[in-house]
Amino acid sequence: MAVKVYGPVTAGCPQRVLVCLVEMGVDFEVVHVDLETGDHKKPEFLPLQPFGQVPVVEDGDFRLFESRAIVRYYASKNAEHGPNLLGTTLEEKALVDQWLEVESHNFNDMIYGLVLQLEVLPRMGKSTDFKLVQKFVDNLDKVLDVYEERLSKSKYLAGDYYTIADMCHLPGITFLLTGNGFGHLIRERKSVNSWWNDISGRPAWKKVLELMK
Amino acid sequence: MAIKVHGSVFSPAVLRVFACLNEKDLESEYVEINMRAGEHKKESFLALNPFGQVPGFEDGDLKLFESRAINQYIAQAYAAKGNQQLTFVQDAKKMGPVYVWMEVEAQKFDPPSSKLVFELAIKPLLGMNTDDAAVAEHEGKLGEVLDVYEARLGQSKYLAGDCFTLADLNHLPAINYLMGTTARKVFDALPHVSAWCADILARPAWAKVLALQKQHPS
């Protein structure tokens, strides 16, 4: 039975899950949730995800939410059917966790702030706080300096191999590069830019982009 | 000593790591970083955490940062020591809910609670004024998140199931701080959440963390 993924394919958090499912050879079916009409906040949806957010997955009777938890679960559960995205030794796994936390907090907090100010609030008829936008961009600049240093010494964030720590950045960096004027943050950093070209060139990510069309 | 934790005993992230070390009955050395003097932004510390944030962690030659990653490492590296039910990495299905609620702590609980900890607990320590409007805003957001916890804890003794796991532990520093402030009313209003807070705060491993804090007054 195919795993059901609830969420619009155009939203970042569902995309994080979809790319993992494709990498790990998991059959899935996307159940569209219309965020603009507030489907995710309706009483029918809340039993699935009590915070009223996407994505949530249903695998038979087993249900999970929080995109990074879902990614960890399938990377582990389907380990025989896909690449090793988690590391092998304890130390490798620890570095994967470390850089996933960095994505989750140092990187994604800024992306979330930018998406809120530049996409969500205008759609709700509210105004953008451009001072906050600048603050997020300045913080992102500092964070990406650390990434540049790391990636100049290490092919991927956690080491020599592509892992979920790299993968989880795919939607956020795509947002920076698509018409918001932040592309230079990535393009002007040599090691970050090569790393981006590598991870976004993977067939699994290209397949997710196809789904969005 | 092989395990070293670099940071300040007032940092919630540092306390999060000590809570885990104590659950696992592990000895460690606390290396104090003078954050008021900006020591965490200096070269010597940046070698441990290039983002200039505490804690920095060492276990022999292995260096790690990010408290939640450190805790996962500790739980797995020392799987056979102390509390053996903090994670279930050998069992993907049992681990699933632990991952979910660890993410919930990090993504939903932490944003409003860490801002409240800063306004109500840290700012006073630094002689700064609390922003009452910010407090009201974040208490509101925290309340919405805790409503979901209330429903969950009405069906499950701990967040991920029947036993205390990292998913519960990671909350300890913020809950401990907020129980000493006016924000405690947000927790007190919810019976299952209150009971769960009282339960996890009463753990001996957490008492040991508070004792360490007392040994290093600000």
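Keep in mind that this is a model prediction, so the values were computed, not measured.

### Things to note about the sheet that holds strand β1 (residues 3-7) of chain B
Residue and element names in this part refer to chain B. Pairing within the open sheet is mixed, and its 4 strands lie in the order β2-β1-β3-β4. In the strand order of this sheet, the two ends are held by β2 (29-32) and β4 (62-65), each with one partner. When strand polarity is set aside, the average angle formed by the axes of neighbouring strands in this sheet is 20 degrees. Relative to β4, strand β3 (residues 56-59) is paired through 4 bridges, and the arrangement is antiparallel. Looking at β4, one finds that F57 is bridged to L64. Strands β1, β2 and β3 of the sheet are contacted by helix α1 (residues 12-23), whose axis makes an angle of about 160 degrees with β1. Packing against the sheet, helix α3 (residues 67-77) makes contact with β3 and β4, and its axis sits at approximately 135 degrees to β4.

### Some details on the UniProt feature "domain: GST N-terminal" (unreviewed entry) in chain A
Cross-referencing UniProt, the feature "domain: GST N-terminal" (unreviewed entry) maps to residues 1-82 of chain A in the present numbering. Its end C-alpha atoms 18 Å apart, residues 1-82 of chain A is made of 28% helix and 20% strand.

### Thoughts on the environment of A:K190
Residues and elements named next belong to chain A. Residue placement: K190 occurs in helix α8 (residues 190-200). We classify K190 as exposed; its relative accessible area is 70%. As a C-alpha pair, K190 and G201 span 11 residues in sequence and 16 Å in three-dimensional space.

### A short note on the interface of chain B and chain A
Taken together, the contact between chain B and chain A spans 29 residues of the former and 28 residues of the latter. Between chain B and chain A, the buried area comes to about 2,700 Å², and carbon and sulfur atoms account for 68% of it. For the pair chain B and chain A, the number of links is 1 salt bridge. One salt bridge in this structure joins A:E66 and B:K108, with 2.4 Å as the shortest N-O distance.

### A look at the confidence of the model for chain A
Averaged over all residues, the pLDDT of chain A is 95; the fraction at 70 or higher stands at 100%. The least confident element of chain A is helix α7 (residues 184-187) of chain A, whose mean pLDDT is 94; the most confident is helix α5 (residues 164-167) of chain A, at 98.

### Quick notes on the packing of aromatic side chains
The relative placement of two aromatic rings is captured by the distance of their centres and the angle of their planes. Summed over the entire model, instances satisfying the criterion amount to 18 aromatic pairs over all chains. Judged by centre distance (6.3 Å) and plane angle (65 degrees), the rings of A:Y147 and A:W195 are edge-to-face. Of the two residues, A:Y147 is situated in helix α4 (residues 130-153) and A:W195 in helix α8; the sequence distance between them amounts to 48 residues. When its relative accessible area of 3% is taken as the criterion, A:W195 is described as buried. Ring pairs connect the aromatic residues A:F51, A:F65, B:W101, B:F109, B:Y149 and B:W196, which therefore count as one cluster. Sitting over the face of the ring of A:F51, B:K108 holds its NZ or CZ atom 5.4 Å from the ring centroid. A cation sits over an aromatic face here: B:R203 above B:F164, 3.7 Å from the ring centre.

### Regarding the nonpolar core
Core analysis: the largest hydrophobic core is formed by 141 residues, its most contacted members being A:Y147, A:L176, B:W101, B:Y149 and B:F187. At 13 residues, helix α4 (residues 92-125) of chain B tops the list of elements feeding residues into this core.

### Some words on helix α9 (residues 191-201) of chain B
Residues and elements named next belong to chain B. When we look at burial in α9, the residues that qualify are V193, W196, C197 and I200. Projected down its long axis, α9 carries its buried residues within an arc of 100 degrees, all on one side. Of the surrounding secondary structure, the elements contacted by the buried residues of α9 are α5 (132-153), α6 (166-169), α7 (172-179), α8 (184-188) and α10 (204-215).

### Some remarks on helix α2 (residues 67-77) of chain A
The element α2(A) is extensively covered by neighbouring structure, given that 9 of its 11 residues are classed as buried. If you check which residues of α2(A) are buried, you get A:S67, A:R68, A:A69, A:I70, A:V71, A:R72, A:Y73, A:Y74 and A:A75.

### Here's the deal with the sheet that holds strand β4 (residues 62-65) of chain A
Residue and element names in this part refer to chain A. Pairing in this open sheet of 4 strands is mixed, and the strands run β2-β1-β3-β4 from one edge to the other. Two strands in the sheet have a free side with no partner beyond their single neighbour: β2 (28-31) and β4. Strand-to-strand twist of the sheet, defined as the mean angle between neighbouring strand axes without regard to direction, takes the value 20 degrees. Here 4 bridges tie strand β3 (residues 56-59) to β4, and the two strands are oriented antiparallel to one another.

Reading the values: rules and limits
- Residues numbered from 1 in each chain as written.
- Chains lettered and ligands numbered in written order.
- Predicted model: local features only at pLDDT ≥ 70, side-chain atom pairs only at ≥ 80, totals over all residues.
- Heavy atoms only, no water.
- Pairing = 2+ DSSP bridges.
- Helix = DSSP H or I, 4+ residues; strand = E, 2+ residues; numbered from the N terminus.
- Axes fitted to C-alpha atoms, helices over the stretch in contact; angles between N-to-C directions.
- Contact = heavy atoms within 4.5 Å.
- UniProt positions renumbered as here; feature names shortened; annotations may be inferred.
- Buried < 20%, exposed > 50% of the residue type's maximum accessible area, 1.4 Å probe, protein only.
- Buried area = accessible area lost by both parts, 1.4 Å probe.
- Salt bridge = Lys/Arg side-chain N within 4 Å of Asp/Glu carboxyl O.
- pLDDT = per-residue confidence, 0-100.
- Phe/Tyr/Trp six-rings, centres within 6.5 Å; stacked < 30°, edge-to-face > 60°.
- Lys NZ or Arg CZ within 6 Å of the ring centre and 35° of its normal.
- Core = buried A, V, L, I, M, F, W, Y, C linked by side-chain atoms within 4.5 Å.
- Arc of directions from axis to C-beta.

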